[in-house]
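A look at the structure
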Amino acid sequence: MDIETLIVSLIESSLVFLLLAALFIVLVVKAVKIVPQSEKYVIERFGRLRSVLGPGINLIVPFIDRVAHEISILERQLPNASQDAITKDNVLVQVETSVFYRITEPERTVYRIRDVDAAIATTVAGIVRAEIGKMDLDDVQANRAHLITTIKALVEDAVDDWGIEVTRAEILDVNLDQATRDAMLQQLNAERARRAEVTKAEGAKRAVELAADAELYASEQTAKARRILADAEAYATQVVAQAINENGLEAAQYQIALKQVESLNALGTGDGKQTIVVPTQAIEAFGDAFKMLKGRGT
């Protein structure tokens, strides 16, 4: 065997080896699929669903199986949507909504619905209109949390066949037309005026009640004072009666004389110059009183 034949045979064997190595590398590349944590791969075999690959290293049959869809399982947010709705009391409102969802079963999503975002947006719009149509405007404003919960539950039921989980639904705003706003503003002003009048009337009523309570309290205190004075007078009368009973008529005359002297002193202690005309009988009575007082002193 000459050198040329040997070289040719070596080249041919090396070429075969290189081809086999390249084929092996290609097979490995085609067979090994590394799926990121945030995604899932839908595998088809001859156009039919074969399997769904989760995160990590996965093996498929090269040239037979293929990755048909790479689906992100991260949570998504639909663009904010605004739709008109009519409440139960015939008020036109414009509702702005936002929905968050994520794909949990990619094999159902890719084979049952073409445009997921548009389908969910249409479903949400229909449910919002239907639910708001069951409520009055005041209930829409006051029970927004309950309305959001109801819409979320209904959307979850509607998109369940698509392998989608609705994580959150929000009603961002409820807008009214200008005529309705003006009417509500007038109603609000009227309600505020009514409350002010009620508060004023209640204040006047409370003032009357307090004045009546104060008058009643004063009357009660006056009655108590009169009762105390009456008790004191009764006690004094009892003492005088007892003294008369023990000392006879002289004690009574003494008390009368004492009162006469006190009355004279009261007349003399007035402000300014005073002229007092005293009858003769009174002077004699005062003299008797002084005698009796003097007799008591001795």
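Coordinates for the structure precede this section.
Residues numbered from 1 in each chain as written. Predicted model: local features only at pLDDT ≥ 70, side-chain atom pairs only at ≥ 80, totals over all residues. Heavy atoms only, no water.

**Description of empty space enclosed by the protein**
According to the stated counting rule, one finds one cavity of 30 Å³ or more in the structure shown. Roughly 40 Å³ of volume is contained in the largest cavity. Only strand 8 (92-103), helix 3 (116-132), helix 5 (144-158) and strand 9 (164-176) provide two or more residues apiece to the lining of the largest cavity. Considering each element in turn, the lining of the largest cavity owes the most residues, three residues, to strand 9. Its residues placed into classes, the lining of the largest cavity shows seven nonpolar, one polar and one charged. (1 Å grid on protein atoms, 1.4 Å probe; cavity = no way out; pocket = protein on both sides within 12 Å on 5 of 7 lines; lining within 4 Å. Points joined across faces, edges and corners; volume = space filled by probe spheres on them. Helix = DSSP H or I, 4+ residues; strand = E, 2+ residues; numbered from the N terminus. Nonpolar A, V, L, I, M, F, W, Y, C, P; charged D, E, K, R; others polar.)

**With respect to the packing of helix 3 against helix 5**
One can describe the packing of helix 3 onto helix 5 by two numbers: an axis separation of 10 Å at closest approach and a directional angle of 135°. The angle between helix 3 and helix 5 falls in the class oblique. In this structure, the crossing between helix 3 and helix 5 has a hand that is right-handed. Residues T123, V124, I127, V128, E131 and I132 of helix 3 lie in contact with helix 5, whose contacting residues are L147, T150, I151, L154, V155 and A158. (Axes fitted to C-alpha atoms, helices over the stretch in contact; angles between N-to-C directions. Parallel < 35°, antiparallel > 145°, perpendicular 65-115°, else oblique. Left-handed = near helix turned anticlockwise from the far one by under 90°. Contact = heavy atoms within 4.5 Å.)

**Points about helix 5**
Between the first and last C-alpha of helix 5 there are 21 Å, a value that for 15 residues agrees with the 21 Å anticipated at 1.5 Å per step. Among all positions in helix 5, only L147, I148, I151 and V155 are buried. Each buried residue of helix 5 lies within a common arc of 100° when the element is viewed along its axis, so the set occupies one face. In helix 5, those exposed residues whose orientation departs by more than 90 degrees from the buried face are A145, H146, T149 and D157. Packed against the buried residues of helix 5 are helix 3, helix 4 (137-142) and strand 9. (Expected span 1.5 Å × (residues − 1). Buried < 20%, exposed > 50% of the residue type's maximum accessible area, 1.4 Å probe, protein only. Arc of directions from axis to C-beta.)

**Let's talk about the packing of aromatic side chains**
Tallying each qualifying case throughout the model produces zero aromatic pairs. Here R168 stacks its cationic end above the ring of F100, 4.2 Å away from the centre of that ring. (Phe/Tyr/Trp six-rings, centres within 6.5 Å; stacked < 30°, edge-to-face > 60°. Lys NZ or Arg CZ within 6 Å of the ring centre and 35° of its normal.)

**With respect to a negative patch on the surface**
On the surface, D89, D136, D138 and D139 cluster together into a negatively charged patch. Considering the arrangement of structural elements, one finds D139 in helix 4. (Patch = residues over 30% accessible without salt bridge, like charges linked within 9 Å, V, L, I, M, F, W, Y side chains within 5 Å. Areas by Shrake-Rupley, 256 points an atom, 1.4 Å probe, with all protein chains shown as cover. Salt bridge = Lys/Arg side-chain N within 4 Å of Asp/Glu carboxyl O. Lys, Arg positive; Asp, Glu negative; His and termini not counted. Charge placed at Lys NZ, Arg CZ, Asp CG, Glu CD.)

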